[in-house]
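Topology and contacts: notes
Here are the chains, one letter per residue:
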Amino acid sequence: KSERFLHSERLNVVSELAASVSHEIRNPLTVTSGFLQILNKSTTVNPEEKRYIEIALQELKRAEQIVSDYLSLAKPQSENMVYSNFETEMEYTKNLIIPYATMHQVDVQYYFNNSLNTKYDKNQIQQCLINLYKNAIEAMKGKGGTLSLDVSEKKKTIVIKIKDTGVGMTKEEISRLGKPYYSTKEEGTGLGMLVVYSAIDKIKGKIEVKSEKGKGTTFVITIPA
Ligand code: ADP
Ligand code: MG
């Protein structure tokens, strides 16, 4: 069944939230944490003050995480629009995620066989893919597994499959995907899937989720060429 209908009303919230987030938030965050790190090394800082600085740094890191999870939701920029077959974005994001996969004993398999083109914002698609890969790897945390990325074409549509051998989800859990701040992770932002649904909706794609608790999850994204 199509998950698009289910998530469509959430997308309004997405654009509203996105409008208030910009690349500029990153700079003050970086500057502030830089100065706090310097302060933390000072010999005049007592242990209690040190503890406050560390909490502040931790909170800044969390803010940074939130920003990076949905930075790409900012309005599509014309210079980012491409007419292409996803190969560049698939290769780029796969290489980007490999160190994170290795760190979690996850093996990455990759197949690309698509000649169909479509128009999309390359930054948004990259962010969407990264968020999906990150979730897949995090679902295999502690025991490792395989992340399979597969792009193919089927009757004028581009099919992207992202499969993991992780913890899996129940029907109920699947229905909550993309809901702002829904996260089962201690350090999660619950914004990653919001970005995914938003980006795919913009290119009129559909997302199908197949999952089995304890076995793994497959996201099948179908995009009209
Ligand atoms: P976050 O990763 O910060 O928790 P997301 O929006 O990216 O937020 O994901 C929301 C939740 O959906 C996750 O906390 C997790 O419970 C679930 N989830 C997403 N992808 C997967 C997956 N591949 N396998 C299992 N659970 C998943
Ligand atoms: Mg996530």
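Heads up: the structure comes first, above all this text.
Summary of the structure given here. (Residues numbered from 1 in each chain as written. Chains lettered and ligands numbered in written order. Predicted model: local features only at pLDDT ≥ 70, side-chain atom pairs only at ≥ 80, totals over all residues.)

**Details of helix 5 (residues 122-139)**
Look at helix 5: 26 Å from first C-alpha to last across 18 residues, which is about the 26 Å you get at 1.5 Å a residue. Of all 18 residues in helix 5, 14 are buried; the element is thus mostly enclosed. (Helix = DSSP H or I, 4+ residues; strand = E, 2+ residues; numbered from the N terminus. Expected span 1.5 Å × (residues − 1). Buried ≥ 20, exposed ≤ 12 C-beta atoms within 10 Å, placed from the backbone.)

**Here we look at the site of ligand 1**
Surrounding ligand 1, one finds 20 residues, the nearest of these being Asn135, Ala139, Ser183, Gly188 and Gly192. Elements with a contribution of two residues or more to the shell around ligand 1: helix 5 and helix 7 (192-202). Broken down by element, the shell around ligand 1 gets its largest block of residues, four residues, from helix 5. When grouped by side-chain class, the residues that make up the shell around ligand 1 number eight nonpolar, 10 polar and two charged. (Near = placed C-beta within 6 Å. Nonpolar A, V, L, I, M, F, W, Y, C, P; charged D, E, K, R; others polar.)

**Here's the deal with the packing of helix 4 (residues 87-103) against helix 5**
The interhelical angle for the contact between helix 4 and helix 5, taken along N-to-C directions, is 35°, at an axis separation of 10 Å. Here helix 4 runs over helix 5; the crossing is right-handed. Counted together, Glu89, Tyr92, Thr93, Leu96, Ile97, Tyr100 and Ala101 of helix 4 and Lys122, Ile125, Gln126, Leu129, Ile130, Tyr133 and Ile137 of helix 5 form the full contact between these two elements. (Axes fitted to C-alpha atoms, helices over the stretch in contact; angles between N-to-C directions. Left-handed = near helix turned anticlockwise from the far one by under 90°. Contact = placed C-beta atoms within 7 Å.)

**Let's talk about the nonpolar core**
Judged by nonpolar contacts, the single largest core of 36 residues is most densely connected at Cys128, Leu132, Tyr133 and Val196. Looking at this core, the elements that each hand over two or more residues are helix 4, helix 5, strand 4 (145-154), strand 5 (157-164), helix 7 and strand 7 (216-224). No other element matches the nine residues that helix 5 contributes to this core. Among residues more than four places away in sequence, those in contact with Cys128 are Val195, Val196, Ala199 and Ile200. (Core = buried A, V, L, I, M, F, W, Y, C linked by C-beta atoms within 7 Å.)

**Structural notes on the pairing of strand 4**
Both faces of the sheet carry side chains from a regular strand, because those side chains alternate between them. Taken together, the eight bridges between strand 2 (residues 106-113) and strand 4 define a ladder with parallel strand orientation. From the neighbouring strand, Asp107 faces strand 4, where its bridge partner is Thr146. Where strand 4 and strand 5 come together, eight bridges link them in antiparallel fashion. For Ser152, the partnering residue across the bridge sits in strand 5 and is Val159. Counting the residues in the hairpin turn of strand 4 and strand 5 gives two residues, including Lys155, whose phi is positive at 40°. (Pairing = 2+ DSSP bridges.)

**Concerning the sheet that holds strand 7**
What the five strands build is an open sheet, ordered 2-4-5-7-6; its pairing is mixed. Because the sheet does not close on itself, it has two edges, and the strands there are strand 2 and strand 6 (206-212). Strand-to-strand twist in this sheet, taken as the mean axis angle between neighbours without regard to direction, amounts to 10°. Here seven bridges tie strand 6 to strand 7, and the two strands are oriented antiparallel to one another. For Ser211, the partnering residue across the bridge sits in strand 7 and is Thr217. The strands touched by helix 5 within the sheet are strand 2, strand 4, strand 5 and strand 7, with strand 5 carrying the most contacts at an inclination of about 25°.

**Re helix 7**
Of all 11 residues in helix 7, nine are buried, a share of seventy percent or more. Of the residues making up helix 7, those classed as buried are Gly192, Met193, Leu194, Val195, Val196, Tyr197, Ser198, Ala199 and Ile200. Just downstream of helix 7 lies Lys204, where phi reads positive at about 60°.

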